[in-house]
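# Inside the fold
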Amino acid sequence: MEEDSLATTEVLNSLSQALSNLILGDNQIRNEQRLLTEKWLATQPEAVILALAQLTRQAQDENMRSFAAVLLRRLVFRPVPPDPHRVNPTQNLTIYDHLSEDTRFRTERALLRCLRQEQNDSVRKKVADTITDLAIGSMERGRPWPELQSTVFDCTQSHTIGHRESAYRILASVPNLILDQDVNVVLQVLEGGLKDTQSIDVRHAALRASTSYLSSADAHTQTQAVGLMHPMLNTLLPLSHDQLSQFLRTLTPLTTSHPILFREHMSSLLTFLVPLILSPPPLADLSEATPTVGNPEPRSHAFTFPSTPTAANPHGSTITNPRFAFPPPSGLIANSNGRHANGIPSAEDEARDSMRRAALELLISLSEARAGMVKTCNGWVNGVVRCCLEGMAEIRDDGGEATVRWSETEEPAEDDDDYGYQHVFEEALDRLACAVGGKALLPVAFMYIPALLSSPDWMQRHAGLMAVAAIAEGTHHIMEKELGKVVGLVTPMFKDPHPRVRFAACQCLGQLCTDLEEIIQDRYHEEIFSALIPTLQAPEPRVHGHAAAAIINFCTGVDGETLKPYLDAIVEGLLRMLNANSKRYVQEQAITTLAMVADAAAENFRKFYPMIMPNLINVLRTATDPEMKQLRCKVMECCGLIAIAVERDTFGPDSVEFANLLMQIQNDTRPGDEITHQYLMSTWAKVCQALGSSFEPYLSFVMPSLLKSAAVKADISFIVCLENDRVAPEREGWEIIEMQGQRIEIRTASLEEKCSAFDALLIYCHVMGPVFAPYVSQTLNLAIPGLRFYLHDGVREAAAMLISRLVECAKDSNAADESFVNGVFIPIIDAMPTEPDAGFLSSLYKCFSESVRSVGTSALSRDLVNGFIKATQNQLHSLAQKRRSRADRVHGRDWDEEKEDIMLMEEMESFALDEMQKALEVLDPSHPLLPAVESVKGMRLSSAYDSDYEEDDDDP
């Protein structure tokens, strides 16, 4: 056979016709041809692969070549189709694994020739993608492809732009091709692409390849290659908005994985990126402006990223940009809303917005990855805060029309673009505050916030309030010291003439109540309620509904006596919101708030019971229309919480009617109605808490459905890439996670259903005690596998707590025989030695010790005790190794940069060690392993820095 002929004429002609049919738009013909192709793959896979490789190279039509490359890429690593004629069917192998070495070699050679010779850019890109997948799959199987390495290196030096772009495209996805090469040679190749003067696409592909190389290289290689950062960053100059967005997004993952590479370029990044994010200056000032995308070289000075410092030039090159400065604190942020004609952003506006978001994301990602490093960079926190505040003030109001729509919306929960663009900046400010802490951020933020709150522009007042809310979580240690001043700034805004500012004031106070829980409720309850309670009567539904929502936040951290003086006014305001003329979402919010107020007020809520509970039960009785489902669910929840608050004596007379209504609703609930099912599950558990042992008549009704929910399997689907390498978009109700090197989608509703069911089972087992005995075995069979349900931490935690309660229940009902004890303790002990999560490890040890207390140490066999001791020794060894490793890794300024993460890890480990100690003491108060536990406790790296940490305890 001739060298250029890979497949027989018969197969080649047949497959050529098949591809022609597949390209057609006729679905029937396409489906028929797919079935035929599947048949060929099952019977003669080698012939199909070789024919596709030859068509990729030699087909006359470019669409045919392109489609052949795509089909080859899709098929080569597919599982081998079943062949009824195959005597020994191959299990768990792909078509690639089934190919002969000669076929693999000929396929690879054909693709490399196509890469070198193909003139059509679109086809070449698809060929490069196919080569990439083939290379990755080959290397995973320990099969090198040296010819690919030499071909790629040759293509980087090609005079053809497309060849260079394809070469760097492959290197970006297969960095292993160059990881074992001489660093200087690699840097020369990569730098050549980064400085390509003919093509932005080549520079971008080279940037992707460079980031991939640095991310994959070991620490020693990174140290040698750090000089590559200078040409990488200089690819950002000058670019259009769209191009810069791409380049910045390519760089951003490197800020997270290897932020230290950016250390010498921090000031340069700040100087370059901040002006791009800020609104453009007036046209008259552009000639004197800081460099921007549209004006990369201002009249006086051109911007360049400095080179990496060397021995000859220890400071790197100098940044010549004397005009760069942030506006003084007294200067208000210029409103950029007017740049959109009729409130509708142009294509250029959208491109610039995308670029601003990409630039901001890079700055925030670097701040999160190395907080200590960015805090030492002069002007970093100031610059990023300034960018966030300006962006937050950019509410596109369409001349007031957006506010009208905002006010009149019937379903605010479904208003995805409730505020729109500025949410990006609000989230960024929140992330920055959590990263750098209050000592670094609060002084800067409050240089601007008071001026924003006093601005004549409602958007800036809105931004000031939302900024306070955004930074509260990350700065609460320091904000607590100035909380009176903060409350004094926020509460007057409840009288603002603009409804969206008053809405933001509600949001701000609610967030402060969450992030400074108990502190703000205890000190400033009078000031808060003097603002929130009158707002329950605000004329705008969105405003008075959000005031009710803020009261929920307040109630989560307040004791009943503090709340008592305000109950009459709060309940009166909420009942007014329940009238027939209120919007349904307002009624639902009022009911939810009533429930939380009742929960917080406890017995103080009893006096309101007669005027509230009968009306709520009547709603359940009459609100049967499908559109009333959400309202009915909220009422169920509210009734359950009120029942717990007022306890059995008060709730008892209404409990039978309420339970009967719940049973009726449950019987009428259609399959797939997950919302109603979740509320029912939660409400029945609340009724059980309220009634105690009197709940026994209903246990047989609720348990079958509850056990079914606890046994639900996670809905999982594996994510595949689309034809153009884009990952399929995330679906509503599904969460994408990385697991064992694969991206999978998990339906969150099934996870939440399982977790809620475990929580409810925990309540029933605890409240009902021995009465729950008939269900111990079934529940235990679900709880034990729950210890290894890695898809949801809540399920694992609930399972650990539930097991110890089930053991107690079994002991009280005389069911804890030897078989039961072994069935419980063996899985617990088996889970201990290799558990990497210190938080859950503490739950395992707590589960063990509480279960031992229930059955007594005499119930444990010698094998169980020995297994527990061995598991504990393994964990002590592992924890000691982790702490020694941190001590070796962290020195000097690295401690400042990693302090927050280390403190959190060691705190979780300390919890685990405490529970480990308790478990050992249950077995033997003088157990010989107890000194070892104390020894590992004393290895805390952070203990050497405790005094420093106390002085700088603003970091979360």
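Source: prediction; values computed, not measured.

So, how was this worked out
Along each chain, residues carry numbers from 1 onward, in the same order as the chain's sequence is written. Totals for whole chains, interfaces and linings use all residues, but because this is a predicted model, local features are given only for residues with pLDDT of at least 70 and pairs of side-chain atoms are given and counted only at 80 or more. Side-chain numbers here rest on the full set of heavy atoms in the structure, without hydrogens or water. To qualify as a helix, a DSSP run of H or I must reach at least 4 residues; to qualify as a strand, a run of E must reach at least 2; elements of each kind are numbered from the N terminus. Residue burial is assigned from relative accessible area. The probe radius is 1.4 Å, only protein chains are included, and a residue is buried under 20% of its type maximum, exposed over 50%, and partly exposed in between. Contacts: residue pairs with any heavy atoms within 4.5 Å of one another. Surface accessibility in these figures is a Shrake-Rupley result with a 1.4 Å probe; residues are shielded only by whichever protein chains are displayed. Every axis in this analysis is a line fitted to C-alpha atoms, fitted for helices over the stretch in contact. Angles between the N-to-C directions lie between 0 and 180 degrees. Reported orientations rely on four angle classes, namely roughly parallel under 35 degrees, roughly antiparallel over 145, roughly perpendicular from 65 to 115, and oblique for the rest. By definition, any crossing whose near helix is turned counterclockwise from its far helix by less than a right angle is left-handed, and any crossing with a clockwise turn is right-handed. Residues are grouped as follows: Ala, Val, Leu, Ile, Met, Phe, Trp, Tyr, Cys and Pro are nonpolar; Asp, Glu, Lys and Arg are charged; all remaining types, including Gly, are polar. By this rule the span expected of a helix is its residue count minus one, scaled by 1.5 Å. Throughout this description, the term salt bridge denotes a Lys or Arg side-chain nitrogen within 4 Å of a carboxyl oxygen of Asp or Glu. Residue types Ala, Val, Leu, Ile, Met, Phe, Trp, Tyr and Cys, when buried and joined through side-chain atoms within 4.5 Å, form a set referred to as a nonpolar core. Like-charged residues are merged into a patch within 9 Å and nonpolar side chains (Val, Leu, Ile, Met, Phe, Trp, Tyr) within 5 Å, provided each residue has over 30% relative accessible area and no salt bridge. Neither His nor the chain termini are counted; the positive set is Lys and Arg, and the negative set is Asp and Glu. Taken as the charge centre is NZ of Lys, CZ of Arg, CG of Asp or CD of Glu, depending on the residue. On a range of 0 to 100, pLDDT expresses the predictor's confidence in each residue. Put simply, two rings from Phe, Tyr or Trp (the six-membered ring, in Trp's case) pair if the centres are within 6.5 Å, and we call them stacked under 30 degrees between planes, edge-to-face over 60, tilted for the rest. For a lysine, the NZ atom is tested; for an arginine, the CZ atom; a charge sits over a ring if that atom is within 6 Å of the ring centre and within 35 degrees of the ring normal. Sulfur atoms of two cysteines make up a disulfide when they are within 2.5 Å.

## Let's talk about the overall build of the protein
The helix and strand inventory of the protein stands at 43 helices and three strands. Each of the 956 residues in the protein was classed as buried or not, and the buried ones make up 54%. Here the analysis covers contacts within the protein between residues at least 6 apart in sequence; of these, 73% occur between residues at least 24 apart. Roughly 42300 Å² of accessible area belongs to the protein as shown, and the carbon and sulfur atoms make up 50% of that amount.

## Things to note about the packing of helix α32 (residues 629–668) against helix α34 (residues 696–710)
Relative to each other, α32 and α34 sit at 30°, their axes nearing to 12 Å. The orientation of α32 relative to α34 falls into the category roughly parallel. Seen along the crossing, α32 lies across α34 with a hand that is left-handed. Note on element contacts: α34 touches α32 through Y698, F701 and S705, opposite S655, V656, A659, M663, Q666 and N667. When the residues that make up the contact of α32 with α34 are grouped by side-chain class, the tally is five nonpolar, four polar and no charged.

## Examining helix α37 (residues 793–812)
Its 20 residues give α37 an end-to-end C-alpha distance of 29 Å, which sits within 8% of 28 Å, the value for a rise of 1.5 Å per residue. If you check which residues of α37 are buried, you get V795, R796, A798, A799, A800, L802, I803, S804, L806, V807, C809 and A810. Along its buried surface, α37 packs onto α35 (748–768), α36 (776–786), α38 (818–831) and α39 (838–855). Where α37 terminates, the next one or two residues include N814, which has phi positive at roughly 60°.

## Looking at α35
Note on helix geometry: an α-helix contains 3.6 residues per turn, so any two residues three or four positions apart are oriented the same way. The end-to-end C-alpha distance of α35, which contains 21 residues, comes to 30 Å, matching closely the 30 Å that a straight helix rising 1.5 Å per residue would cover. Among the residues trailing α35, G769 stands out with phi positive, at a value near 60°.

## Considering the packing of helix α25 (residues 499–515) against helix α27 (residues 541–555)
One can describe the packing of α25 onto α27 by two numbers: an axis separation of 8 Å at closest approach and a directional angle of 10°. For the element pair α25 / α27, the angle class is roughly parallel. On α27, the residues touching P499, R502, F503, C506, Q507, G510, Q511, C513 and T514 of α25 are R542, V543, H546, A547, A550, N553 and F554. When the residues that make up the contact of α25 with α27 are grouped by side-chain class, the tally is eight nonpolar, six polar and two charged.

## Remarks on the pattern of salt bridges
Once their charged atoms are close, side chains differing in charge can pair, the charge on each being opposite to the other. Summed over the entire model, instances satisfying the criterion amount to 32 salt bridges. Measuring nitrogen to oxygen at the nearest pair gives 2.2 Å for the salt bridge that ties R621 to E657. Here R621 is found in helix α31 (residues 609–622), whereas its partner E657 is found in helix α32, with 36 residues between them in sequence. Judged by its relative accessible area of 33%, E657 is partly exposed.

## Description of the nonpolar core
In this structure, L563, F695, Y764 and F772 are the most contacted members of the largest nonpolar core, which totals 281 residues. Sort the elements by how many residues they give to this core and α32 lands first, with 18 residues. Discounting chain neighbours no more than four positions away, the residues touching L563 are F529, F554, C555, V558, I570, V597, A600 and A601.

## Here's the deal with unusual backbone geometry
Of note in this structure, E518 is not a glycine but carries a positive phi near 75°. Relative accessible area serves as the criterion here: at 52%, E518 is assigned to the exposed category. Even without being glycine, A602 reaches a positive phi, approximately 55°. Look at A602 and you get partly exposed, because its relative accessible area is 31%.

## As for a negative patch on the surface
There is a patch of like negative charges on the surface, built from E517, E518, D522, D559, E561 and E603. Mapped onto the elements of the fold, D522 is located in helix α26 (residues 519–535).

## Notes on the confidence of the model for the protein
Predicted confidence across the protein gives a mean pLDDT of 83, with 80% of residues reaching 70 or more. Predicted confidence is poor over residues 308–342, with pLDDT under 50, and the contacts of this stretch with residues over four places away or in other chains come to 75 contacts. Contacts of residues 720–728 to residues separated by more than four positions or lying in other chains number 12 contacts, the stretch itself having pLDDT below 50.

## Digging into the packing of aromatic side chains
In total, this model carries 15 aromatic pairs according to the counting rule given. Note on F695 and Y698: the rings are 5.7 Å apart at their centroids and 50° apart in plane angle, and the pair reads as tilted. As far as burial versus exposure is concerned, F695 and Y698 are alike and both buried. One aromatic cluster in this structure is built from W684, F695, Y698, F701 and Y764. Seen from the ring of F789, K754 lies directly overhead, with NZ or CZ sitting 5.1 Å from the centre.

## Description of the state of the cysteines
Disulfides are covalent bonds that link the sulfur atoms of two cysteine residues. Tallied over the entire structure, the rule returns zero disulfides. In this structure C388 is not part of a disulfide, and its nearest cysteine sulfur, from C387, lies 6.8 Å away. What makes C388 buried here is its relative accessible area of 0%.

## What about the environment of F772?
Tracing the sequence through the fold places F772 in the loop between α35 and α36. Every residue in contact with F772, bar those within four places of it in the chain, is listed here: L699, M703, L761, Y764, C765, T779, L806 and C809.

## A look at the environment of A445
Considering the arrangement of structural elements, one finds A445 in helix α22 (residues 438–453). Each C-alpha atom, one on A445 and one on R386, is 8.1 Å from the other, the two residues being 59 residues apart in sequence. Residues in contact with A445, not counting those within four places in the same chain, are V385 and I471.

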